Structures are given as C-alpha cells and as structure tokens.
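Summary of structural features
Given next are the chains, with one letter for each unit.
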Amino acid sequence: QGAKRRERLDIACLPAFAVNYLPPILSKFHKLQPRVQVRIFETPSAAIAELVQSGEAEFGLSVVQTNRWDLEVETISTSPLALTCPSKHALAKKRSVGWAELRGLPLIRVGSKTAIRPMIDDALSAARVTLNWQYEVQHVETAVNLVEVGLGFAVVPSIDVALHRGRGLAAVPLRGPKLSCTYGLVTRRGIPLSPPA
C-alpha cells in the first residue's frame, strides 16, 4: 500500500497554472518518472489551501494568502493587478488607471473564493468607490475570456492577460492603490515531500 501510494502525485493549482505552466513541466517529469500517476486539482486558491492542509494534495501552486500557521509557502513570483480591456479601447493607451476611473464601466468580478476578490473589495472600500459589476465568475480565466468577447472589463493579475497574448487585450496597471498577487508553492508545515514531489 505504501509503495503504491508513492506512485501517485496529487497537485492542487490555479486553473491558469494548470493550462499554461504545468503541461511542459509534466512532460519533463513524465520522462524522469514515467510510472508516477499525477492527479491535478484545478481550483481557486482557497480550495488549494484546504486540499494541501487535508493532505489530499501534496502541494499547491497558488496565490499566497495571509500566512497560515499550518502551511509553508515558498514565493515563486508576483503579478500586479491590472484592468483588462480590449487593446483598441481608449483606456488601453493609458500608462495606468485609477480605481475611480472604472466607475460606469461594465465590469466582470471574480468570485469570493478567489484570493484577489478580497484585495479588490478592500481597495474599493478604502477608496470609497462603488463600481458597476455586470457579471460575476468563479475563475480569472473566465473573466478574461468575457473581456475578450466584449462583455466588459475585469481587474485581474496582469500575468493572466499576458497568457492571452495576441487576442486583442491590454492590461493597464491600476493605481491608488496599486495591488499585486504573489504566487507560491504551498506545502504542509513539517511534512516532508515525497520523492516524486
């Protein structure tokens, strides 16, 4: 049973990581460890922390949230939040956009299970800005896709817009305040990783 358990690797990660970063990594991993089965949970960051904490996933690739005592986090990268808009829109030509400038725009909001939602809500509350949320989605990728088809604008990490390169989208940095997402490798504190991990 123990040996069989080590032949499977369970990973929790953000959908964008699963789509854009994991395939080439897993391709290399498969050449090194062809017998290891890999199970991937593509899910928002709150669920990633729970999957890792419960041991259902051995590690996670996620937005780093407020430090939890039961999880270790190793920072991988950061990405500023940006207004996602069509590259032909007037706002796309600006160097940066203030939160108040988003008033009146049809906006696409990400759900409360994402790590960026509380960041956005806190920024709007501090700036005393109320916005017009036309749509609410559960994944950042869905928000970017809705912008792509012209349904509105979204506030998402600029890296998620960059992943849609060549699709007529722009990521305009936000200011007052400027916010960033930090991405990291999440593991259970005090639990060593298996050799495949």
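Residues numbered from 1 in each chain as written. Predicted model: local features only at pLDDT ≥ 70, side-chain atom pairs only at ≥ 80, totals over all residues. Heavy atoms only, no water.

**Some points on the pattern of salt bridges**
Put simply, the test is: What makes a salt bridge here is a side-chain nitrogen of Lys or Arg within 4 Å of a carboxyl oxygen of Asp or Glu, nothing more. Only runs of H or I of at least four residues qualify as helices and only runs of E of at least two qualify as strands under DSSP, and these elements are numbered from the N terminus. Buried, partly exposed and exposed residues are distinguished by accessible area as a fraction of the type maximum, computed with a 1.4 Å probe on protein chains only: under 20%, between the cut-offs, and over 50%, respectively.
Applying the stated criterion to the full structure yields nine salt bridges. Two residues, R189 and E72, come together in a salt bridge whose shortest N-O distance is 3.1 Å. Here E72 lies in strand β4 (residues 71-86) and R189 lies in the segment after β10 (180-188), a separation of 117 residues in the sequence. Here R189 falls in the partly exposed class, since its relative accessible area comes to 43%. The salt bridge partner of R117 is E136, with a shortest N-O separation of 3.7 Å. With R117 in helix α5 (residues 116-127) and E136 in strand β7 (residues 133-137), the pair connects residues that are 19 residues apart, well separated along the chain. The buried category is assigned to R117, whose relative accessible area is 12%. A network of salt bridges, in which partner residues are shared, links R109, R117, D121 and E136.

**A look at the nonpolar core**
The cut-off we apply is this: We define a nonpolar core as any set of buried Ala, Val, Leu, Ile, Met, Phe, Trp, Tyr and Cys residues linked to one another through side-chain atoms lying within 4.5 Å. A contact between two residues is defined here by any heavy atoms of the two lying within 4.5 Å.
Among the nonpolar cores identified, the biggest contains 57 residues, and L83, W99, L102 and V155 are the most heavily contacted of them. For this core, the element with the highest residue contribution is helix α6 (residues 140-148), accounting for five residues. Beyond its immediate chain neighbours, meaning those up to four positions away, W99 contacts I120, A123, L124, V129, L131, V155, L174, R175, G176, P177 and L179.

**Notes on the packing of aromatic side chains**
The relation between two aromatic rings is expressed through the spacing of the ring centres and the mutual angle of the planes. To keep it simple, the criterion reads: Note on aromatic pairs: the rings of Phe, Tyr and Trp (six-membered ring only in Trp) are paired at centre separations within 6.5 Å, and the planes decide the class, stacked below 30 degrees, edge-to-face beyond 60, tilted for the rest.
A full pass over the atoms with the stated rule returns two aromatic pairs. Residues F17 and Y21 carry aromatic rings whose centres are separated by 5.5 Å and whose planes lie at 65° to one another, so their mutual orientation is edge-to-face. Residue classification places F17 among the buried residues on the basis of a relative accessible area of 11%. Here the aromatic rings of F17 and Y183 are separated by 5.5 Å at their centres, their planes lie at 45°, and the arrangement is tilted. Of the two residues, F17 sits in helix α2 (residues 15-20) while Y183 sits in strand β10, which places them 166 residues apart along the sequence. Put simply, the rings of F17, Y21 and Y183 touch in pairs and so form one group of aromatic residues.

**Considerations on helix α4 (residues 45-54)**
Stated precisely, the cut-off is as follows: An arc is given here, and it is the one of the directions from the helix axis to the C-beta atoms.
Looking at α4, one finds that the buried residues are S45, I48, A49, L51 and V52. Along α4, the residues classed as buried sweep out an arc of 165° about the axis, all on the same side. Its buried side turned inward, α4 meets β1 (8-13), β2 (37-42), β3 (59-63), β4 and β10. Immediately downstream of α4, the backbone of G55 shows phi near 85°, a positive value.

**Section: unusual backbone geometry**
The step from G176 to P177 runs through a cis peptide bond, and the omega angle for that step is 0°. Within the secondary structure, P177 is located in the loop between β9 (169-175) and β10. We note that R128 has phi near 55°; this positive angle belongs to a residue other than glycine. Tracing the backbone shows R128 in the loop between α5 and β7. What makes R128 exposed here is its relative accessible area of 73%.

**Remarks on the side chain of T187**
The residue T187 is located in strand β10 in this model. Taking the relative accessible area as the measure of exposure, T187 reaches 13% and is therefore buried. Excluding anything up to four places from it in sequence, T187 contacts V52, E58, F59, D70, L71, E72 and L193.

**Describing α6**
Taken together, the buried positions of α6 are V140, E141, A143, V144, L146 and V147. One or two positions beyond α6, positive phi appears at G150, with a value near 90°.

**A look at the side chain of T114**
Selection criterion: In protein, a polar contact means a hydrogen-donor-capable atom and an acceptor-capable atom, both N or O and within 3.5 Å, with residues adjacent in sequence counting only if both atoms are side-chain atoms; elsewhere, any N or O pair within 3.5 Å suffices.
Here T114 shows up in the loop between β6 (107-110) and α5. Judged by relative accessible area, which is 9%, T114 ranks as buried. Engagement of the side chain of T114 in a polar contact is seen with the backbone oxygen of G111, the distance being 2.7 Å. A polar side-chain atom of T114 sits 3.4 Å from the main-chain amide nitrogen of R117.

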